[in-house]
Amino acid sequence: MNSSQLLNFTTFAYLTASILYIAIFVFRAEKLGRLATIITLAAWLVQTGGIGLRWVESYQMGYGHAPLSNMYESLVFFAWAIAIIYLWLEWKFKTPLIGAFAIPFAFFSMAYASFSTQFGSEIKPLIPALQSNWLIGHVVTCFIGYASFAVACGLGIMYLLKDHHERNKKGKKSSGTSIIDNLPALPIIDDAVHKTIIFGFVWLSTGIIAGAIWANEAWGTYWSWDPKETWSLITWFLYAAALHARLVRGWKGRRIAWIAVLGFISVIFTYYGVNFLLSGLHSYGSQ
Amino acid sequence: MFIPVGPDNEHRYYWFNFTTNDLIALKTIMTKKKRNPIWKFFTSVKLALFCLFTLAGASIIGTIVPQNATTGRYIELYGHSTAKFFQLLDIPNMYDSWWFLGLLALFAMNLTICTIDRFPHLWKLATMDNLNTKLDRLRKMGMRKVFSAGSNTQEAVSEVQTVMAQAGWKTKQRQVEGGTLLFSQKSPWTRLGVIVVHVSILLIFAGALVGKFYGYKASVMIPEGSSTDVVYRSTPEHPPIPLGFTVRCNKFLLTYYDTGMPKEFRSDLIIQRDGKVVKRKSIVVNDPLQYDGLTFYQASYQAINGQFTAQLSNEKTKARQKFILQYPTSQAIKWPGKNISFGIVDVSGPDMMRRFQYKIWFSDGKGQPSTFWMNQGSSVRIKRPGNSYLLTVSPRFATGLQIAKDPGVWIVYTGCIMMILGLIVIFFMSHRRIWVFVSEEKGKTSILVCGQSNKDKIGFEKTMRALYKRFATSQLIVEDKS
Ligand code: HEM
């Protein structure tokens, strides 16, 4: 058994769980909830094992570093964090209906890590710039933040769906029940969006700070406005604005849900776009 | 400026979940400052939202338009007129432009004034005398329950004290009109968390400014075996900065993984002051050297064309010597005071491991000179009549150091730590208050238990329900069903 087998199994298990959660939502098959939860939890445990084993394997290869050093490994960790944050939320809110809006993110992250041709999945030694304990601190904190924002985005989409549905219903009068009526009440979703954003914000703040301290240890500048740093700050500004708008100006519901979606787009851009789109833009421009 | 500065009055109630009587207690301070329109402008949270969204939007520009490129490059990328327009708006150096810094300054102003404005309220909330609360407010509080006791008030008060203490709430009490008021609270100081976070951002700004005005970034290349007492700013017109001491690079070491990826860049540095060694350290990329307020970072390296370092030792006498060889410009070099000379006569490579091979000519004046090939970096034993020598030859490198002086960095770090702690306090802790009013009504002792929390209402409700249960199970006290 090696780590890539465990991680491949995880990808497959998240796919199964996603299908189950969507079935629960679409067919109101809440009886499948227990099964979906068990599969997700099992997948998460196997993934934890996979990540741990990959760490051990890197030592066996003589490189010895935490599995957080490249795109592949960070995507795997991203999925891991989404799954555990979701499980915590499901336990807290006692409903499997959120799963359809969260676990697919974990699956997509794993699938993208496994099948993308843009980067490899082999264990590689660390280049000198990455040889620092701050690597672990920085990546772990940032990605727990990103994962919370992914879940917040899922919840935001759920809110918008339900909100749209309820406003339609008011206009047309009730036309029977729909799957959307099964979703938790709007104020509950709203509260969940807010709580996940707060959780993500604390981690993202810590992650940006860890990155700044690391940069200062490695290069002598804690902030240099490079595109990745800047995009993480843009994301942070957005969520800071959302927190204030909610607390002080009373923004709730739809507006915060939209910010949750927008914020996650910004997260994806920070994470993916800066690496592949922005640099692509620059190299395209230089031809 | 298009920020509407409307009356923020109704929103003030959102700012904390305080009781209306808190509001009354604070009203005087609020109304005094609200009259000044400039002050009001800078306390507005709308302005804060404007700044946050604008900063986010503006920052995007700098990630899309390449920064600090040449004028020609912008013309090539965007055409003449757009490039000119960009120049006008300082877009090529956007994060240092007047308008971006201005936006940051506006944001800092907003934050400073808002924090000053709110400080008295928060301070009051954290330190106020909660036994001086109007009883009417207690009777209207969201979380409340009424109990009664068969005993007299005196006994009931001491029973309440016991029950509260058992539940972990130490009470203070005071005789008020109509009865006894008991009060207990947890973590009132968490009200100040918001101030900690806001001040932390101002500290980070302050630290950045200190760094900008009292610090500098510079760099220098030092060939192996040489030293420098000046470093250079990136702007060429800036004169070299004297260090007041010398930095010597004894050795630069470059190692690779077996995959061919670089594994480590290492420079052995020695700091000398007035001819005395005061510090030595072998630095790598994530482990710089600090001395006299300056930090020396391993940033780059360069092989010096045509120069090689050699170390030769006589295995019999144990004498050792370091040399700098040249190829192809000059060939043999002499060990001073000895009859030994050697040099590189040919170079080939690099091989798979990125090593070069050197062909060496060696003579010690006894018999035929030796010639042989050797690998870069590995030592070779040269057998000579009646003696042998150990030789190591490597390319001569210059190490590229980045030098930073930043006296503001500790201010920034303090801000960072404050921010994290403040966020944890704000989001994961709450100010919880419980009042108990014991009074005598128509010969019966009535006990009103009520409470409030500024965060985590659901958790607090649980706490309160558990507390009610404790009251209900007390022998003296029964739930008031009326
Ligand atoms: C990026 C910078 C900022 C950060 C990270 C930040 C952070 C926070 C946080 C975490 C809270 C508590 C939110 C909650 O309890 O849900 C808060 C509250 C608040 N912030 Fe900020 N803030 C920032 C900038 C500003 C600015 C520029 C203003 C200027 C008006 C401001 C005004 C307020 C106000 C009025 C509150 C209400 C809390 C109170 O005073 O009790 N913030 N801020």
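Everything numeric here is computed off the predicted structure, so don't read it as measured data.

Conventions and cut-offs
- Residues numbered from 1 in each chain as written.
- Chains lettered and ligands numbered in written order.
- Predicted model: local features only at pLDDT ≥ 70, side-chain atom pairs only at ≥ 80, totals over all residues.
- Heavy atoms only, no water.
- Patch = residues over 30% accessible without salt bridge, like charges linked within 9 Å, V, L, I, M, F, W, Y side chains within 5 Å.
- Areas by Shrake-Rupley, 256 points an atom, 1.4 Å probe, with all protein chains shown as cover.
- Salt bridge = Lys/Arg side-chain N within 4 Å of Asp/Glu carboxyl O.
- Helix = DSSP H or I, 4+ residues; strand = E, 2+ residues; numbered from the N terminus.
- Buried < 20%, exposed > 50% of the residue type's maximum accessible area, 1.4 Å probe, protein only.
- Near = heavy atom within 4 Å.
- Polar contact = N/O pair within 3.5 Å; in protein donor to acceptor, adjacent residues only side chain to side chain.
- Nonpolar A, V, L, I, M, F, W, Y, C, P; charged D, E, K, R; others polar.
- Pairing = 2+ DSSP bridges.
- Contact = heavy atoms within 4.5 Å.
- Domains from an automatic or database assignment.
- Buried area = accessible area lost by both parts, 1.4 Å probe.
- Axes fitted to C-alpha atoms, helices over the stretch in contact; angles between N-to-C directions.

(A) Main features of a nonpolar patch on the surface. Residues and elements named next belong to chain A. Where nonpolar side chains cluster on the molecular surface, the patch consists of Phe 9, Phe 12, Leu 15 and Ile 19 and spans about 390 Å² of accessible area. With respect to the element layout, Ile 19 can be found in helix H1 (residues 3–27). On the basis of relative accessibility, which here comes to 52%, the residue Ile 19 falls in the exposed class.

(B) Molecular detail of the site of the ligand. Looking at the ligand, there are 25 residues lining it, with His244(A), Arg118(B), His198(B), Ile201(B) and Lys455(B) nearest. Here a nitrogen atom of the ligand and a side-chain polar atom of His244(A) are 2.6 Å apart. His198(B) places a polar side-chain atom, nitrogen or oxygen, 2.7 Å from a nitrogen atom of the ligand. Put simply, the parts of the chain that give the shell around the ligand at least two residues each are helix H7 (227–249) of chain A together with helix H4 (45–64), helix H7 (98–127), helix H10 (193–214) and helix H11 (409–428) of chain B. Looking at the shell around the ligand, the element that brings in the most residues is H7(B), giving 6 residues. Grouping the constituent residues of the shell around the ligand by class yields 18 nonpolar, 5 polar and 2 charged.

(C) Molecular detail of the pattern of salt bridges. A complete count under the given rule lists 18 salt bridges over all chains for this structure. We note a salt bridge from Arg54(A) to Glu73(A), for which the minimum N-O separation is 2.8 Å. With Arg54(A) in helix H2 (residues 33–60) and Glu73(A) in helix H3 (residues 71–93), the pair connects residues that are 19 residues apart, well separated along the chain. The exposure classification of Arg54(A) matches that of Glu73(A), with both residues buried. When the shortest N-O distance is used, the salt bridge between Asp287(B) and Lys281(B) registers 3.0 Å. Through salt bridges with shared partners, a single ionic network connects Asp163(A), Arg167(A) and Arg254(A).

(D) Quick look at the pairing of strand S4 (residues 216–223) of chain B. Residues and elements named next belong to chain B. Residues of S4 alternate between two faces, with Tyr 216, Ala 218, Val 220 and Ile 222 buried on one and Lys 217, Ser 219, Met 221 and Pro 223 left unburied on the opposite face. Where S4 lies against strand S17 (residues 387–405), 8 bridges are found, and the strand directions are antiparallel. Pairing of Tyr 216 across the sheet is with Lys 405, part of S17.

(E) Expanded view of the side chain of Ser394(B). Structurally, Ser394(B) is set in strand S17. Non-local contacts of Ser394(B), meaning those with residues more than four positions away in its chain, are made with Phe308(B), Thr309(B), Tyr358(B) and Gly377(B).

(F) Here's a closer look at the domain arrangement of chain A. Residue and element names in this part refer to chain A. Partitioning chain A into structural domains gives domain 1 (1–87 + 97–116) and domain 2 (130–166 + 183–287). Inter-centroid distance (C-alpha atoms) of domain 1 to domain 2 is 21 Å. Every contact between the two is made by 18 residues of domain 1 and, on the other side, 25 residues of domain 2. Both faces combined, the contact of domain 1 with domain 2 buries some 2000 Å², and carbon together with sulfur accounts for 89% of it.

(G) Local environment of the sheet that holds strand S8 (residues 276–283) of chain B. Residues and elements named next belong to chain B. What the 4 strands build is an open sheet, ordered S5-S6-S7-S8; its pairing is antiparallel. Each edge of the open sheet is held by one strand with a lone partner, namely strand S5 (226–231) and S8. Direction aside, the axes of adjacent strands within the sheet are offset by 30 degrees on average. In the sheet, strand S6 (residues 241–256) pairs with strand S7 (residues 262–273) via 10 bridges, with the strands oriented antiparallel. Bridging from a neighbouring strand, Lys 251 pairs with Asp 268 of S7.

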